[in-house]
Structures are given as structure tokens and as C-alpha cells.
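What follows is the residue order along each chain.
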Amino acid sequence: MRWKEMELAGWGRALKSTAAVARPERRSALAGAAAPAIGNRRSYGDAALNGGGKVIDMTRLDRVLELEAATGLLRVEAGARIGELAQLLAPRGWLPAVMPGTGFATVGGCIAMDVHGKNHHGAGSFGMHLAEIELIVGGEARPIGPDDPLWRATIGGLGQTGIITAATLRLIPAKGRTMRVREQRVEGWDEHIALLDSSDASYTVGWIDATATGARLGRGILEEGEISDASLPPAGRSRKVPLDAPGFALSSPVVRVFNAAYYARVPAQGRTVTRAQADFFFPLDRIHDWNRLYGKRGFHQFQCVVPPAQKDALRDMLRAIAQSGLASPLAVLKRMGPGRAGMLSFPMEGYTLAVDFPNRAAARSLIAALEDLAIAAEGRIYFAKDSLAGAAQVRAMYPELADWQAAVSAADPDRALETDIVRRLRLRDPA
Amino acid sequence: MTETWIILGATSSIARAFIRQEAANGSGFLLCGRDMDDIAATAADARLRGAPMAEAMAFDARQPDTFAPILDRAASLSGAVSVAVFVGSMPEQAAIDADPAMIAGVVTDSFTGPAQFLTAIAPMMETRGAGRVVGVGSVAGDRGRLGNYVYGASKAGFATYLSGLRNRLGRSGVHVMTVKPGPVDTAMTWGGPKQPLSTTPEVVARDIARGLAKRRNVIYTAGIWRLVMAVVRAIPEPIFKKMTF
Ligand SMILES: Cc1cc2nc3c(=O)[nH]c(=O)nc-3n(C[C@H](O)[C@H](O)[C@H](O)COP(=O)(O)OP(=O)(O)OC[C@H]3O[C@@H](n4cnc5c(N)ncnc54)[C@H](O)[C@@H]3O)c2cc1C
Ligand SMILES: NC(=O)c1ccc[n+]([C@@H]2O[C@H](COP(=O)([O-])OP(=O)(O)OC[C@H]3O[C@@H](n4cnc5c(N)ncnc54)[C@H](OP(=O)(O)O)[C@@H]3O)[C@@H](O)[C@H]2O)c1
């Protein structure tokens, strides 16, 4: 493989580092390879970075290898993008069982983060719908299944057990190519939680206006979706953010106006609309490179999950966020089910909150405070989003860390697969 | 009636983008090259994207005995059979300077191998009076320069060959198109020197489809390279010979 020195950034663009990057176009080129694999770098922080080392960009290994039309088993190379798979499969009556909020995430990245979607409460995590993973361990490719000791260390395992070259996904049947979406205004926190709890839709997500305070704290829009075969409304054009935006683009007055407009967009009595699947699952992908809206310094996302009994901790967080005036328009609240497939998987039964912040000192200290609240609430933060936590903070959040470390040391004794996040959070160092 | 594309060099990054695009349009394929495992994956991908047929076949530009099975298979197909040539190799000029015997291989990969194949299939295309030929050359063939003139010379030879083939097959209604890419972000250029006005395999594939639809003879892709190369060709030799780029 040929290597090219490149500066790489996480999606938040606050963390960057330089590495030698290979980008193989065929699986045979990977024989003997021992460097961490990366996907489309849609992780916000440093999960896909390896400063001073090597990384293997998997995005050109993106072919669909086999679809068993009777059972919905799909074998695919690890660099395939979820959004492209969805677009290819829906007309054939199938969809990936779990899709994260961006269609640019690769299958390898979805496995290594055990991602969740808007249907987590019912469907569980990405790794729960896998039949097989083809993994390069110690330089050699081999298929692993759910009984393999590396299975639960690989799913959600941040690429530390090996290079995932292909996987077999168990798809779900999709009766059409669109989504029937019910949208309603939610006036405050308690109502938001109550509606999330009572929703029986397959896909449910709450958008929160993180600038609202007082009685309106937690207000937002609840979106509930079902796969549909209704015909498509005409498609809009995709847009691109041409340059780094000036600093004021997401300043707090702008965000307040945007959020109020977003809220008012949905009529008081609610509405039901038909959406293109991509618009429902990947609402931000239509604006290419939207991460540049935050300017050169980039941004952070804070995402945590807390158990059901601790839901008030999220309200406290939201209060702190609203008071800070630092929030961006993008805040999401979701009910999570218990489904998780790996030792370091993020999901747990409860509620998850995700909020973006510009990369400024005040936001960094606010995020530190939010992380402490998450720990106190017996919750955890998400490695796919984090770029600021410290090693001590995450230890308590991941009770299976020691088991994972043992599996990973056996698979990669020379620590050839370590990445920036693994070093920052000392994930492979025994306590 | 389905069109079947014979793809020479089916492991090429640019070929893959072209195969995907045409699979979605319902074309069938004979995918030819050396890495059969990789081609099997591309064939599966093509079928799932809409190709009614995609078969992997062994092809080595340096082994003309690999040509006959492909020609036979093509003869057995009904409908239009088209050929797209993506084969080519670009070793570093310094390696060639150190081992002049490499020149024969470079010329075979980029010119004489594909030319032999095309010459062998030409009568069938003439008889059928259908099909198209896409030959991928390079802007490097438009003028010899310090950094890659053996590769460039092979591409120049191939371009001249294609121009003659166009002259011949045009009489039977077969469209022959020469494609001259500037730098493309593929395995061939990854890790090499930074290239100006670079494009992607997807853009090249799209430009090929547009060129075919308009029955163009020679296309440059990215399009700006037509202008750039017009300028480069216009530089008088006494000046050009002193330039380094
Ligand atoms: C707009 C947006 C919305 C998002 N919404 C959600 C959401 O709803 N739910 C959710 O769970 N996540 C969400 N995410 C996070 C995203 O899904 C994850 O970060 C995912 O891992 C990104 O995939 P990627 O291919 O870009 O992987 P990268 O970010 O490149 O890599 C992620 C990790 O996977 C490892 N990895 C990647 N490929 C391989 C491989 N082939 N073999 C071994 N290891 C590999 C890397 O080493 C790294 O540790 C969102 C991100 C964005 C930008
Ligand atoms: N990338 C650029 O910047 C650029 C610019 C202008 C023109 N081009 C031309 O575009 C075409 C495609 O190149 P690419 O960029 O896609 O790079 P690539 O991926 O390296 O493709 C080169 C292809 O040629 C094949 N090949 C080489 N020698 C062969 C032989 N003896 N027999 C059979 N196949 C052989 C390779 O097959 P194997 O996999 O078996 O090696 C591979 O499929 C080439 O003709 C190239 O010269 C490329």
C-alpha cells in the first residue's frame, strides 16, 4: 500500500492531526496490514485520527457483494456508505435495520461505534443486526460470528480488534421508499418526556430548542416516522457551504431566531407529511460540509445517555445549556431501549441528549460540567461524539472496559491499532 | 436490446465508477483483468446495481492468449457489444531510466495490448454495425515531458491508434471515443506529487457518458484540460525543452 501524509480532522474540526494515510481499492492490498482503519471521519472527535502514525482509509472498498433476496442478508464491503445502501435497497424492498443520522457513515464505522438510529427504542443498535464480520486480525482476514470471543469486542470496539473488511447485515423489509412523518409541537420538558415514552412509532426523535428557558425549557418538535410507499414530493437541491462561515453565523441571536422559526414551522395542531427517506434519516446531509458553518475553530458535540430514573439530570443539563447561551440549533432528545451489542457500546435503556457547541473556552468548560452531571446520573458519553473528556471520567461509564481490554490486547498485542481517542482516554491502559 | 460492455482493466478506479454508472442504466458486462477476486466483487456489485449480467474474465495485456476467450464470449452475445479500455501502467520515470527494458511493458499495457484486442474485435463490430469503443488515454500523451514521457509516449501511440480505428469503424456506425483525463484521484496517483486541477473517477465516468451521448471523438476530463493542453501544445519546442513540470 502507498501512504500519503495528510492532516485529518474529526467532523467537529476542533481536533486535527497528521498521519500517513493509505486508501486501498481492493481487499487483497490489506494482507498483513496493521494500522487502524477509518471510514468517512463522521466521528466528531479523534476516533478516526492517529497523529504521527498510520491510518487506512476504507472508503474505496465500498461494494455490495451479495443480497439474499429471500432472507434479506446483505454482504457488503466495510467502506460502503449507509445512505447509499439505503438508496440502493429501498426500491428492492429492504433497508439497513439501523441507520445513524448521517448517510455518510460507513458500515465499518457503524460497527466500530455500534451506532443507534431513531428506532433504537425498538430495534436496538447496529451490531444487533449483524450476522458476520470479516476482520483482519494479526495480518490475516477471517470471518467472525456472534460466538467468536472477538465479536463483542469488535462491535463498538473503535477499530481496536482489527480491520473490518466486510460484513453481513440482516436487513429489515421496507414496504416503500418514503416516510410518513407525524410532527407535533411539544411545549416543555415534561410533555417531551411523556410523548417520547408513549410514542409507539417505529422511528421517534425529539428536536429541542436548546435556547428556550423557564416554562418553555425542553420545548421542541416530536417527529414520529413509519416507512411508507406513498409517492415522493419533488426533491430539493442539495446545497454546499462554500467556505468557512464567519463567526457570527451561529451566534446566539441567530440561533434563537432559527429555533423559533423551526418551531413555528409546524402548525399548532401538528401535521403529517410524506418525506423522502434520506430527508428523514439524514436531514443534515443535504447541506454538504455543514460542519464549516462553525468557522475555522470548529465545534463540539456533547452526547450522553442516562437511565430512565435519572431523566431529570437531562433537564438540569438543558437548563445549564440554555442559560449559557452557547447552544447551536441542533439538539436532539431520544428515548433509548436497552439494545447494545458490544462491550463498549454507547446505548443503555434511558434517554439520550445531543447538543452542538462552538469550540470556545466557555463551551469547553460547560461540556466538562455536563460530563460530570452525566457521571453523577450513572450515564455515559458517546465516543463517536466526544473530543474533550478525560481518562478518569470515562472509566466509570463503561463497566466492561477491563474485558474489552483483555480481548483487544490478545488481538493486537503490539498496540498497532491505537488511535488518538484511545490514547487521550487511555482506553487500553489497565486501571 | 441490452448493450454489453467489455471492460479491459476492470480493477481500475475509473473503470469501477463507469461500471457502477452504466449498471444502473441496465448495461451488461464482461469484466476483464488480472485480479479475479477483486473483479468478482465488482461483478457482484454491478449485478446488484442493475446489470442484467456481469461476468469476470481473465485478461492480461501482456498475454495475448487471454484475448480469445473474451472474444468468443462476446461473439456469443446478442445485441450491441461495446469495449472500454482502462488498462494502463505508469511506473516512475526514474525506475524506467534505471531499467530501460521496462519500456516494452509500459507500451504493452497502455497501447499495444489493448490495440491488439481492439483490432481483433473490430471485424465483429463492423459486421454488427453496432457498439462503441471508449479508449482511455491521458493528457500525458499530448506532449512528452520530463516526468513521464515513456507513459506519455504509450498514450500518444494509443491515441493515434484510436484515431485510425475511428476512421475505420465510423464507416460501420461504430462510435470510437478517445478520453484524455487530467489527474484523477485514484490508486495510480495516491501518494504521488500533488496534482493541479485534479478530478474524481465519478466525474470522469459522467464525462464519458456525456461524450458518448453526444458522439464526441475526443474528450478531455476535467474539461479544463482541453484548454490547458492547447496552451501546452502551443509552446514552441525550443522553450518547452527547457521547462520542468
Ligand atoms: C450529522 C451526524 C449525525 C450522526 N448521527 C448519529 C446517530 O444518530 N447515531 C449514532 O450512533 N451516531 C451518529 N453519528 C456518529 C456516526 O454515526 C459515527 O461517528 C460513525 O462511526 C461514523 O462512521 P464513519 O464511517 O465516518 O467512521 P469514522 O468516524 O471514520 O470512524 C469511527 C470509528 O470506527 C472505526 N472504523 C471505521 N471503519 C472501520 C473499519 N473498516 N474497521 C475497523 N474499524 C473501523 C475507526 O477506527 C473509528 O474508531 C452522527 C454523525 C454525524 C456527523
Ligand atoms: N489516475 C490518473 O490520474 C490518470 C490520468 C490520466 C489517465 N489515466 C488512465 O486511466 C486509466 C485507468 O487508471 P486509474 O487511474 O483508474 O488507475 P488504476 O486503478 O491503477 O488502473 C490501472 C488499470 O490497468 C490495469 N493493468 C495494468 N497493466 C495491466 C496488464 N498488463 N493487463 C491487464 N490489466 C492491466 C490494472 O490492473 P491490475 O489491477 O491487475 O493491476 C488496473 O485495472 C489508465 O489507462 C490510466 O493510464 C489515469
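Here we summarise the structure given alongside this text. (Residues numbered from 1 in each chain as written. Chains lettered and ligands numbered in written order. Predicted model: local features only at pLDDT ≥ 70, side-chain atom pairs only at ≥ 80, totals over all residues. Heavy atoms only, no water.)

### Overview of the site of ligand 1
All names here are of chain A. Our working definition: Working definition: residue near molecule or strand if any one of its non-hydrogen atoms lies within 4 Å of it. Pairs of N or O atoms within 3.5 Å make up the polar contacts considered here, provided that, within protein, one atom can donate a hydrogen while the other can accept it, and that residues adjacent in sequence are counted only when both atoms are side-chain atoms. Surface accessibility follows the Shrake-Rupley procedure with a 1.4 Å probe radius. Residue values consider only the protein chains on display as shielding. In DSSP terms, a helix is any run of H or I states spanning at least four residues, a strand is any run of E spanning at least two, and both are numbered starting from the N terminus. Classification used: nonpolar for Ala, Val, Leu, Ile, Met, Phe, Trp, Tyr, Cys and Pro, charged for Asp, Glu, Lys and Arg, polar for all others including Gly.
In the vicinity of ligand 1 there are 33 residues, among which A37, S43, T106, H116 and Y382 approach most closely. G101 has a polar backbone atom sitting 3.0 Å from a nitrogen atom of ligand 1. In the environment of ligand 1, a nitrogen atom lies 2.7 Å from a nitrogen or oxygen atom belonging to the backbone of H116. Burial of ligand 1 by the protein chains amounts to 95% of its free accessible area of 970 Å². Mapped onto the shell around ligand 1, the elements with two or more residues apiece are β3 (37-38), α2 (107-112) and β10 (163-170). The element contributing the most residues to the shell around ligand 1 is α2, with three residues. Class assignment of the residues belonging to the shell around ligand 1 gives a composition of 19 nonpolar, eleven polar and three charged.

### Details of the nonpolar core
Quick note on the threshold: Only buried Ala, Val, Leu, Ile, Met, Phe, Trp, Tyr and Cys residues count toward a nonpolar core, and they belong to the same one when joined by side-chain atoms within 4.5 Å. In this scheme, a residue with accessible area under 20% of its type's maximum is buried, one over 50% is exposed, and one in between is partly exposed, where area comes from a 1.4 Å probe on protein chains only.
The biggest cluster of nonpolar side chains holds 113 residues, and the ones touching the most others in it are F357 and F383 of chain A. Considering each element in turn, this core owes the most residues, six residues, to helix α8 (residues 311-324) of chain A. Counting 32 residues, the second-largest nonpolar core is a separate cluster that includes M57, A61, L77 and A115 of chain B.

### Focus: the packing of aromatic side chains
Condition: A pair of aromatic rings is counted whenever rings of Phe, Tyr or Trp (Trp by its six-membered ring) have centres within 6.5 Å, and the orientation is called stacked for planes under 30 degrees apart, edge-to-face for over 60 and tilted otherwise. Whether a charge sits over a ring depends on NZ of Lys or CZ of Arg being within 6 Å of the ring centre and within 35 degrees of the ring normal.
By the definition in use, this model includes 16 aromatic pairs over all chains. Seen in terms of ring centroids, F346 of chain A and Y382 of chain A are 4.5 Å apart; in terms of plane orientation they differ by 15 degrees. Their pairing is stacked. With F346 of chain A in the loop between β19 (331-336) and β20 (350-358) and Y382 of chain A in the loop between β21 (380-381) and α10 (391-395), this residue pair connects regions lying 36 residues apart in the sequence. The pair formed by F346 of chain A and Y382 of chain A is uniform in burial state, with each residue classed as buried. A ring pair is formed by F59 of chain B and F117 of chain B, whose centres lie 6.1 Å apart and whose planes are at 85 degrees; its orientation type is edge-to-face. Linking F59 of chain B in the loop between β3 (54-58) and α3 (67-75) with F117 of chain B in helix α5 (residues 102-128), this pair joins segments that are 58 residues apart in sequence. Its end group placed over the ring of W190 of chain B, K4 of chain A keeps NZ or CZ at 4.4 Å from the ring centre.

### Section: the layout of surface pockets
For the record, the criterion: A cavity, in this analysis, means grid points on a 1 Å lattice covering only the protein atoms where a 1.4 Å probe fits yet has no way out; a pocket is instead an open set bounded by protein on both sides within 12 Å along at least five of seven lines, and a residue lines either one if it has an atom within 4 Å of a point. Grid points are joined across faces, edges and corners, and a volume is the space filled by probe spheres set on the points.
There is about 1,600 Å³ of room inside the second largest pocket. Lining the second largest pocket are 45 residues; nearest its centre among them are N40, T59, R81 and F104 of chain A together with E202 of chain B. When contributions to the lining of the second largest pocket are tallied by element, the ones reaching two or more residues are β1 (4-9), α1 (82-89) and β15 (239-240) of chain A together with α1 (13-24) and α7 (201-213) of chain B. Here the element with the most residues in the lining of the second largest pocket is α1 of chain B; it accounts for six residues. Classifying every residue of the lining of the second largest pocket by side-chain character gives 13 nonpolar, twelve polar and 20 charged.

### Brief notes about the site of ligand 2
Near ligand 2 there are 27 residues, and of these R26 of chain A together with T11, Y151, K155 and T186 of chain B occur at the shortest range. Site remark: ligand 2 is flanked by residues from chains A and B. Within the contact set of ligand 2, an oxygen atom lies 3.1 Å away from a backbone nitrogen or oxygen of F86 of chain B. The separation between an oxygen atom of ligand 2 and a polar main-chain atom of G88 of chain B is 3.2 Å.

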